[in-house]
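Tertiary structure, described
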Amino acid sequence: MATATRPDTPSSPQVVRGACPHDCPDTCATVVTVVDGKATSIRGDADHPVTAGFLCAKVNRYLERTYHPERLTTPLRRVGPKGSGTFAPVSWDEALDDIASRLRAIVDTHGAEAILPYSYAGTMGMIQAESVDRRFFNALGASRLLRTICSTAGGEGLLMTNGTKVGADGEALAQSDLVLLWGTNTLTANPHLWPFILQARANGAPVICIDPIRTRTAEQCDEWLPIRPGTDAALALAMMHVIFDEGLEDRDYMERHTLGGDALRVRASEWSPERAAPITGLPAERIRELGRQYGTSRAAFVRINYGLQRHAGGGMAVRTIACLPSIVGHWRRPGGGVQLSTSGSFTFNREALARPDLGATARSINMVRLGEALNTPDAGVGGPPVQALVVYNSNPADIAPDRNAVLRGLAREDLFTVVLEHFQTNTADWADYVLPATTQLEHWDIHFAYGHNYVTLNQPAIAPVGLSKPNSEIFRQLGRRMGLPAELFADDDQALIRLALSSGHRNLDGVTWDRLLEQGWVRLNLPKPYLPFADGGFGTPSKKCEFYSERMAALGLDPLPAFIPPRELPEEAPERAARFPLMLISSPRHYFLNSTFVNIASLRKDAEPECVMHPHDAERRGLSHGERVVVHNDRGHFLTLLRVEDSVREGVVWAPSIWWGKYSRDGNNPNSVIGQGETDLGRGPVFYDTLVEVSAAD
Ligand SMILES: Nc1nc2c(c(=O)[nH]1)N[C@H]1C(S)=C(S)[C@@H](COP(=O)(O)OP(=O)(O)OC[C@H]3O[C@@H](n4cnc5c(=O)[nH]c(N)nc54)[C@H](O)[C@@H]3O)O[C@H]1N2
Ligand SMILES: Nc1nc2c(c(=O)[nH]1)N[C@H]1C(S)=C(S)[C@@H](COP(=O)(O)OP(=O)(O)OC[C@H]3O[C@@H](n4cnc5c(=O)[nH]c(N)nc54)[C@H](O)[C@@H]3O)O[C@H]1N2
Ligand SMILES: [Mo]
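Attention now goes to helix α15 (residues 314–328). Where burial is concerned, most of α15 is hidden: 15 out of the 15 residues are buried. One or two residues past the end of α15 sits Gly 329, with phi positive at roughly 70°.

The residue Ala 153 is located in helix α6 (residues 152–162) in this model. Discounting chain neighbours no more than four positions away, the residues touching Ala 153 are Gln 309, Gly 314, Gly 315, Thr 679, Leu 681 and Gly 682.

Our focus in this paragraph is the sheet that holds strand β1 (residues 14–19). The antiparallel open sheet is built from three strands, whose spatial order is β1-β2-β3. The open sheet has two free edges, formed respectively by β1 and β3 (38–44), since each of these has just one partner strand. Averaged over neighbouring strand pairs, the angle between their axes works out to 30° when direction is ignored. Two elements, β1 and strand β2 (residues 29–35), share six bridges in a ladder whose sense is antiparallel. Paired with Ala 19 across the strands is Ala 29, a residue of β2.

Right, let's get into the domain arrangement of the protein chain. When its domains are assigned, the protein chain resolves into domain 1 (76–150 + 346–523), domain 2 (168–340 + 540–554) and domain 3 (574–696). On a C-alpha basis, the centres of domain 1 and domain 2 stand 37 Å from each other. Of the residues lining the interface, seven residues belong to domain 1; the matching set on domain 2 comes to eight residues. Buried area between domain 1 and domain 2, summed over both chains or domains, comes out near 530 Å², and the portion from carbon and sulfur atoms is 33%. Among the residues domain 1 hides against domain 2, the three largest losses belong to Cys 150, Tyr 450 and Gly 451. Together they make up 69% of the total. Connecting domain 1 to domain 2 are two salt bridges. Among the salt bridges present, the one from Arg 523 reaches Asp 169, with a minimum N-O distance of 3.1 Å. By residue class, the composition of the side of domain 1 that touches domain 2 is four nonpolar, two polar and one charged.

Quick look at the nonpolar core now. Across soluble globular proteins, nonpolar side chains have a tendency to be buried as a group. Counting residues in hydrophobic clusters, the biggest one holds 186 residues, and the most contacted among them are Tyr 118, Phe 136, Trp 182, Tyr 294, Phe 348 and Ile 446. The dominant element in this core, judged by the number of residues it contributes, is helix α10 (residues 232–245), at ten residues. Ignoring sequence-local partners within four residues, the contact set of Ile 446 consists of Gly 125, Met 126, Ile 127, Phe 348, Val 455, Thr 456, Ile 497, Ala 500, Leu 501 and Leu 516. Counting residues in each nonpolar core, the second largest holds 20 residues, with Val 32, Leu 63, Ile 462 and Phe 597 among its members.

Next up on the list: the packing of helix α3 (residues 92–110) against helix α20 (residues 471–481). The relative placement of two packed helices comes down to the angle between their axes together with the axis-to-axis distance. Closest axis-to-axis distance for the α3/α20 pair is 9 Å, and the angle between their directions is 55°. Considering the angle they form, α3 stands oblique to α20. In this structure, α3 crosses over α20, and the sense of that crossing is right-handed. Seen from α3, the contacting residues are Trp 92, Asp 93, Leu 96, Asp 97, Ile 99 and Ala 100; seen from α20, they are Ile 474, Gln 477, Leu 478 and Arg 481. Residue composition of the contact of α3 with α20, by class: six nonpolar, one polar and three charged.

Another point: the environment of Arg 267. You can see Arg 267 is positioned in helix α12 (residues 261–269). Arg 267 gets classed as buried once you look at its relative accessible area, which sits at 15%. As a C-alpha pair, Arg 267 and Pro 561 span 294 residues in sequence and 7.8 Å in three-dimensional space. In contact with Arg 267, not counting residues within four places along its chain, are Leu 237, Asp 558, Leu 560, Pro 561 and Ala 562.

Criteria and thresholds
- Residues numbered from 1 in each chain as written.
- Chains lettered and ligands numbered in written order.
- Predicted model: local features only at pLDDT ≥ 70, side-chain atom pairs only at ≥ 80, totals over all residues.
- Heavy atoms only, no water.
- Buried < 20%, exposed > 50% of the residue type's maximum accessible area, 1.4 Å probe, protein only.
- Helix = DSSP H or I, 4+ residues; strand = E, 2+ residues; numbered from the N terminus.
- Contact = heavy atoms within 4.5 Å.
- Pairing = 2+ DSSP bridges.
- Axes fitted to C-alpha atoms, helices over the stretch in contact; angles between N-to-C directions.
- Domains from an automatic or database assignment.
- Buried area = accessible area lost by both parts, 1.4 Å probe.
- Salt bridge = Lys/Arg side-chain N within 4 Å of Asp/Glu carboxyl O.
- Nonpolar A, V, L, I, M, F, W, Y, C, P; charged D, E, K, R; others polar.
- Core = buried A, V, L, I, M, F, W, Y, C linked by side-chain atoms within 4.5 Å.
- Parallel < 35°, antiparallel > 145°, perpendicular 65-115°, else oblique.
- Left-handed = near helix turned anticlockwise from the far one by under 90°.

Spelled out as C-alpha cells, the structure:
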C-alpha cells in the first residue's frame, strides 16, 4: 500500500499537502507538518485562493480527532446482545472472512438485493467514498442506495431551471453590488466565502440574510429578513412581480437565453407583495423594496445553500430563486448570478471509478427512508427484506429522519450490520462488526468541491493509526474474498486517482497527477472569473434558462415557478398545528460537522443539546431561559436546555445539531421527531418541515 511508504521517513519535519475531507462547500487545501511520523500541526494553505491560509473551528482540531484516545484501532466483533455495545477485538482476517461468508449466505438465501450499503459524505473523497466501495456493491448486485439526504431537492431544482450544477463564481464577489445570503448560515457552513463577501461589502454592496433564524451570519449582515420557513418561493415570486411591474427586467437577455418569459410574467403578476406578505411573514413594503433593490442592481450575488430546500417544496423553491438572475441578466457580469453548487464542473471519470453499469438493474432504496427499509418485509420498495446493512462514511442512527424507526430497524436480531468507522458512534453500537477506518491524514484521495472550482489532492501524512485501513482497501479485500471479478479490485488508490482524472473532459485539461502532487490543488480549466451563463449556454434540453419546464410538467409538477408550501406549515396542517404549533429547524451547530466532531471535547465545550425559542413563545408556555424542556410530536421527543432569545422568529424553534444520542440525557436528538417524508423534487428529506410542541421536561 502506498500509505505505508511515506511515514517511515525519520526525524526532520515534513510538510504534506492534503484536502479537508468534510462535507462542506469550502474543500480546503491543508498543509500538515509531520515530525518523526507524527502529525504536529494542520493549517490551511495560504496560497490557495479560497482556503486563504485558515481552517474552520472544527478542522483546526483535526489532529485531536485523529489521535483521539477513543479512535477505533482494531476490528471488533459483537460478543454481547445486539446494541449492548460489547465487542471483542478480532484480526482483520477473522473479521473479513466471517463478513464475506455471512454476506455470501445472505445472497444465497435472499438474493443480493437483501444487502444494503449505507454511506454518505463522512469523507467527500472520490476514492474513499465512491470507488472500490461502489464497485463492490455494484458487482454484487446489492440494493442501490439513493443518496438523497442532503442536496438532491435543490440540485434537481437547479437542473430544471439551468440544466447544470454550476453557478456564480464566488471569487468574483468583489464585483457584486448586492449580496443575498438566502437560507445559508455562511459563517458556519461555508466560512471561506466570507472574505469575498466582505470585499463586496467594502465596495458598497449591501449584504442581506434571509433566514428564519438570526444566525451568527445574519448578525454580521446589514439586514436580517426573518422569513417564515419554507416560504422562499413566495418571496422570489413577489420579487419577480415587482421587477416586471417596474420594468426592471433585462429583455435582451430574456429573449436570447430564456424560455417561457411570457408565461412567467403572468405567473409573477399573481404574486403581489401583499399576497406574499402573510405567507412569508415579511412586510409587503420590504418585499417590494427588495424586488427593486434586486432589479436595479447590476450584479447581485445570490448564495443559496442547502438549508432552504429541506422542506416539501424545496426543489421548487430553489428552481424559482434560480430564475432570478436570468430575468435581470446578471449572469452577464462578474459577481452576478446564483450559487448553489459548483460541483457540475468537476467532470471526473466517475463511471470508471464506481462502475454503475455493473449494478444497473438492482432495486433502489432511498436513504431518507432507512427506517421504512429496515422495518418492512419488502424494504418498502418490493423484493427481499434488508438482511445486511453495510455502513461507512455515515452515522444513520443519528443523522437519518425518523430516528426511532431507524433504531428499531438496527435492533433487529436478524439484521447483519457492518460499520466502518473512526469512532464508536451510536450506529456502531448496533453493529455485528465494527471495522476501523483511516482518517484523511492516513490515506490518499482526490476531491472535487461544491463551493469553488479547484481540484485538491490528499496525500497521506502519517501511517494508519492502529490497524485501521482505508475504506478502499477494506472493500478490495472483501471483494476478493467474495470471489467478485479480480480486475475490479486490482487498482491501488493512486491508480484510482489517475483514473478519476482520465475523463478527457476539457475542464480537466492541465489538472494532472504531477501538478497535483507538486502543488496540492489545481484550478479547473475554467476562465477566471468564470461566467457560466454570460452568453446563455444552459444545460437544459432547450439550452436556455427554462422558466417554463416541460420536464417539470412531465413529473406532474407545475411547469412554472410556484410556491409549494411546507407540508407542516401551520395553515396547511391546522389540526396538526393545533397540537404541535412550532416549526423546528435543526440546522448545524457551529462546532459540529453534521454528527462528526461531537465527541471532540474541545468542540463540544461541555455543552448539552439546546433549543432556542422566541420570548413570546416561551411566555405563552410558561417556560424560562435555562430550564430543561422536551421537544415533542407524535413521532417522538428529545430533551434539551432552553434558550429564550429573539434570535429566532416567533413560531420557530432552533435545535442546533447533530448531537450523538449518547451525548444527550435521554439518548435522543431532533431526528426523533422528524418524519420520512420526501421533497417535491429529488426525493430529499424534509428535516426543517416539522411541527413540534415544547414543554417543561417534567
Ligand atoms: N460547521 C458546519 N459546517 C457545515 C455543516 C455542519 O454540520 N457544520 N454541514 C455541511 C453540510 S452537509 C451542508 S449540506 C451545508 C449546510 O449548510 P447550509 O446550506 O448553510 O444549511 P443549513 O445550515 O442546514 O441551513 C442554513 C440556514 O437556512 C435556514 N433555513 C432553514 N429553513 C429555511 C427556509 O425555509 N428558508 C430560508 N430562507 N432559510 C431557511 C436555517 O435557519 C439556517 O440558518 O453545510 C456544510 N457545512
Ligand atoms: N436533524 C438534522 N439531520 C440532518 C441534518 C440536519 O441539518 N438536521 N443534515 C443532513 C445533512 S445535510 C447531511 S449531509 C447528513 C450527514 O450525515 P452523514 O453523512 O452521516 O455525516 P456525519 O454525521 O458527519 O457522519 C459521517 C461519519 O462518517 C465517518 N467517516 C468519516 N470519514 C470516514 C472514512 O474515511 N471512512 C469511514 N469508514 N468513515 C468515515 C465519521 O466518523 C462520521 O461518523 O445529515 C443529515 N441529517
Ligand atoms: Mo449536507
